[in-house]
Amino acid sequence: MPQPGLDVVIVAFRSRELLGRCLDSLLSWPPADGLNVTVVDNASGDGTVEMVREHYPDVTVLPQADNLGFATATNIGIRSGQAPYVLALNPDAAVAEGTLQILIDRMDADPDIGCSGPALFREDGSFDHAARRGFPTPLSALGHFTGVGRHLDSGPLAGYRAPEVERGPVDAVNGAFMLLRRDALEQIGLFDEGYWMYMEDLDLNRRLADAGWITWYEPGVRAVHTKGGTTAGRRDARLTIAFHRGMGRFYRRHQASHNSPALNALVYAGIGVKLALALLKRG
């Protein structure tokens, strides 16, 4: 029996209902060469493992004893397969008809594409601007977190949303749906497990770009993304800390060496202040 051309890796944590929708979409719209689906369960304890085993017997489920975070758990799933393409997919995402095949065809046609992603839409039909992004810089982060950049169509304050890219090469696509070429991963390495959750997708796209690979944004196909569906719409203290630690790690690994010590100190102080305000807002 021929090996399927796509390995799908889904990291689940207390997202049983959304995971069912995700799996239904994958099994309804598989690519022509077939797919293997692996669910890595991060100690959900909510019946996720039992649900997958009962209702999706062709899906491999790998239960973990602890919540390993996104990067480590995704890497476990990636290492368990050998298909030429790997889809890192969130359980709160669902693919539409044709999405997988069209993206695979696009990557087949251009061997320089190491990663691709579709347009993402929320359940209310609104576009999720995080579907395509520029690599964060101090100015684009300022524009994003103050909200100023979200109302601009160009310029450094709007750079995080990559508004100038309608279709084609882009700095990064969203970690909710990343179609990856296994050859590219074997060259640059898998997700950086120093990120527990958040920013590991941007880090991977940064390393792909540094190695000469293209990340392709394809708005002609889509997936539904229930924003915050795996975190009940809000970040607890651990997730809030992980998000800000990820920001600091990304900046330190990819930008700090190019900037002055004064700017670096300002950036790290800004991340610290933002974290403190976020934790205070949580109460």
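Up top is the structure these notes are about.
The paragraphs below set out a description of the structure included in this document.

Conventions adopted
Residues numbered from 1 in each chain as written. Predicted model: local features only at pLDDT ≥ 70, side-chain atom pairs only at ≥ 80, totals over all residues. Heavy atoms only, no water. Axes fitted to C-alpha atoms, helices over the stretch in contact; angles between N-to-C directions. Helix = DSSP H or I, 4+ residues; strand = E, 2+ residues; numbered from the N terminus. Parallel < 35°, antiparallel > 145°, perpendicular 65-115°, else oblique. Left-handed = near helix turned anticlockwise from the far one by under 90°. Contact = heavy atoms within 4.5 Å. Nonpolar A, V, L, I, M, F, W, Y, C, P; charged D, E, K, R; others polar. Buried < 20%, exposed > 50% of the residue type's maximum accessible area, 1.4 Å probe, protein only. Pairing = 2+ DSSP bridges. Salt bridge = Lys/Arg side-chain N within 4 Å of Asp/Glu carboxyl O. Core = buried A, V, L, I, M, F, W, Y, C linked by side-chain atoms within 4.5 Å. Disulfide = S-S within 2.5 Å. Patch = residues over 30% accessible without salt bridge, like charges linked within 9 Å, V, L, I, M, F, W, Y side chains within 5 Å. Areas by Shrake-Rupley, 256 points an atom, 1.4 Å probe, with all protein chains shown as cover. Arc of directions from axis to C-beta. Polar contact = N/O pair within 3.5 Å; in protein donor to acceptor, adjacent residues only side chain to side chain.

## Remarks on the packing of helix 7 (residues 200–210) against helix 8 (residues 237–254)
Here's step 1: Packing of helix 7 against helix 8 leaves a shortest axis separation of 10 Å and a crossing angle of 15°. Taken together, the axes of helix 7 and helix 8 are roughly parallel relative to one another. As helix 7 packs across helix 8, the resulting crossing turns out to be right-handed. Mapping the contact onto sequence places Leu202, Asp203, Arg206, Arg207 and Asp210 in helix 7 and Phe250, Arg253 and His254 in helix 8.
Here's step 2: For the contact of helix 7 with helix 8, the class distribution of residues is 2 nonpolar, 1 polar and 5 charged.

## A look at the pairing of strand 6 (residues 113–121)
Here's step 1: For strand 6, the buried fraction is high: 9 of the 9 residues fall into the buried class.
Here's step 2: Here 2 bridges tie strand 6 to strand 10 (residues 177–181), and the two strands are oriented antiparallel to one another. Residue pairing for strand 10: Ser116 is matched across the bridge by Leu179.

## Some remarks on the pattern of salt bridges
Here's step 1: Under the defined criterion, the tally for this structure stands at 12 salt bridges.
Here's step 2: With a shortest N-O distance of 2.8 Å, Asp7 and Arg182 are connected by a salt bridge. With Asp7 in strand 1 (residues 6–12) and Arg182 in helix 6 (residues 182–188), this pair connects stretches of sequence that are 175 residues apart.
Here's step 3: Look at Arg182 and you get buried, because its relative accessible area is 10%.

## A word on the side chain of Asn205
Here's step 1: Along the chain, Asn205 turns up in helix 7.
Here's step 2: Excluding its chain neighbours within four sequence positions, the residues that come into contact with Asn205 are Cys115, Phe135, Asp171, Ala172, Val173, Met178 and Thr215.

## As for the nonpolar core
Here's step 1: If you look at the biggest cluster of nonpolar residues, it comprises 62 residues, and the most contacted ones within it are Ile10, Leu23, Leu26 and Phe177.
Here's step 2: In terms of residues, this core owes the most to one element, strand 1, which gives 6 residues.
Here's step 3: Contact partners of Leu23, with chain neighbours within four places excluded, come to Ile10, Val37, Val39, Val52, Tyr56 and Val59.
Here's step 4: In this structure, Tyr195, Tyr198, Met247 and Val267 belong to the second largest nonpolar core, which totals 15 residues.

## Some remarks on the state of the cysteines
Here's step 1: Tallied over the full model, the rule gives 0 disulfides.
Here's step 2: Not part of a disulfide, Cys22 finds its nearest cysteine sulfur in Cys115, a span of 17 Å.
Here's step 3: Here Cys115 falls in the buried class, since its relative accessible area comes to 0%.

## Here we look at a nonpolar patch on the surface
Here's step 1: A cluster of nonpolar side chains, namely Val273, Leu277 and Leu280, defines an oily patch on the protein surface of about 330 Å² accessible area.
Here's step 2: If you trace the backbone, Leu277 turns up in helix 9 (residues 261–282).
Here's step 3: We classify Leu277 as exposed; its relative accessible area is 54%.

## Re helix 4 (residues 99–109)
Here's step 1: Inspection of helix 4 places Thr99, Leu100, Leu103, Ile104 and Met107 among the buried residues, and these make up the whole buried set. The arc that holds the buried residues of helix 4, viewed along the axis, is 120°, so those residues lie on one side.

## Some remarks on the environment of Gly168
Here's step 1: Along the polypeptide, Gly168 turns up in strand 8 (residues 168–169).
Here's step 2: A relative accessible area of 0% means that Gly168 is categorised as buried.
Here's step 3: Distance from Gly168 to Trp213, taken between C-alpha atoms, is 13 Å for residues 45 residues apart in sequence.
Here's step 4: When residues no more than four places from it in sequence are discounted, the contact partners of Gly168 are Thr215, Trp216 and Tyr217.

## Quick word on the side chain of Thr226
Here's step 1: When you line up the elements, Thr226 lands in the loop between strand 11 (214–225) and helix 8.
Here's step 2: With a relative accessible area of 16%, Thr226 lands in the buried category.
Here's step 3: Here the side chain of Thr226 touches Arg21 through a polar contact of 3.0 Å, side chain to side chain.
Here's step 4: Residues within four places of Thr226 in sequence aside, it is in contact with Leu18, Arg21, Asp92 and Glu123.

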